[in-house]
Amino acid sequence: MVDDATDVPSGSDAADAVSIPAKPDSVSNDTTAHFTEDFRQQLAAMEAGVSEEEREAIAALPSGSALLVVRRGPNVGARFLLDADSTVAGRHPDADIFLDDVTVSRRHAEFVRTGTAFQVRDLGSLNGTYFDGVRIDSALLSDGAEVQVGKFRLTFYASRADRVPTR
């Protein structure tokens, strides 16, 4: 036998412990959830496949610096610190960021810092430099943007001290 007020079989221990009304007295339609900026950043990092170690490295970046993380291509997981006004990426052994693959020009791309903002510029490479999938001559980098240099796909992370809060 089922009790209409609880939808729990009568005579059971569960019926004595739980009382669920058949029709609630009031129903709230407010389903708005509010999340902090820190939670949003953690969620974005998880969706982007950022490991806990990478998240800690990004959080520790001083103002005026940034981090590039290799997501695809040779050296997956490699990290490169951008903390100078000019950082050259290429296949030449003397490049600031050495990317050893024939799809990369000797001096392929340059990361330029102006204040706390970073820009990527193609240096006349044969295969081009791509920003979020589009071939560019230069582009202003935003947090989480993807830069492709040859087979390498690098994700850009700005210092958390320099990020402009989003609402």
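For clarity, every value in this text was computed on a predicted model and none was experimentally measured. Counting of residues starts from 1 at the beginning of each chain's written sequence and follows it residue by residue. Given that this is a predicted model, residues contribute local features only at a pLDDT of at least 70 and side-chain atom pairs are listed and counted only at 80 or more, while totals for whole chains, interfaces and linings are drawn from all residues. Derived side-chain values reflect all non-hydrogen atoms in the structure, with water molecules and hydrogen atoms excluded from consideration.

Q: Explain unusual backbone geometry to me, and be specific about the residues and the numbers.
A: The phi dihedral of N75 falls on the positive side, at around 65°, and the residue is not glycine. A helix here means a DSSP run of H or I that spans at least four residues, while a strand means a run of E at least two residues long, and both kinds are numbered starting from the N terminus. Topologically, N75 is positioned in the loop between β1 (66-72) and β2 (79-82). Not every positive phi belongs to a glycine, and D132 is a case in point at roughly 50°. For D132, the position within the fold is in the loop between β7 (129-131) and β8 (134-136).

Q: Give a description of the pattern of salt bridges that names residues and reports values.
A: What makes a salt bridge here is a side-chain nitrogen of Lys or Arg within 4 Å of a carboxyl oxygen of Asp or Glu, nothing more. This structure, assessed with the given rule, holds seven salt bridges. Here R79 ties to E53 by a salt bridge, and the two come within 2.7 Å at their closest N and O atoms. A residue pair is termed long-range when its members are at least 10 positions apart, and R79 in strand β2 and E53 in helix α3 (residues 52-59) qualify at 26 residues. Given a relative accessible area of 53%, E53 falls into the exposed group. A salt bridge links D143 to R160, with the shortest nitrogen-to-oxygen separation between them at 2.8 Å. One end of the pair, D143, is in the loop between β9 (138-140) and β10 (146-149); the other, R160, is in the segment after β11 (152-158), with 17 residues separating them in the sequence. Residue burial is assigned from relative accessible area. The probe radius is 1.4 Å, only protein chains are included, and a residue is buried under 20% of its type maximum, exposed over 50%, and partly exposed in between. When its relative accessible area of 26% is taken as the criterion, R160 is described as partly exposed.

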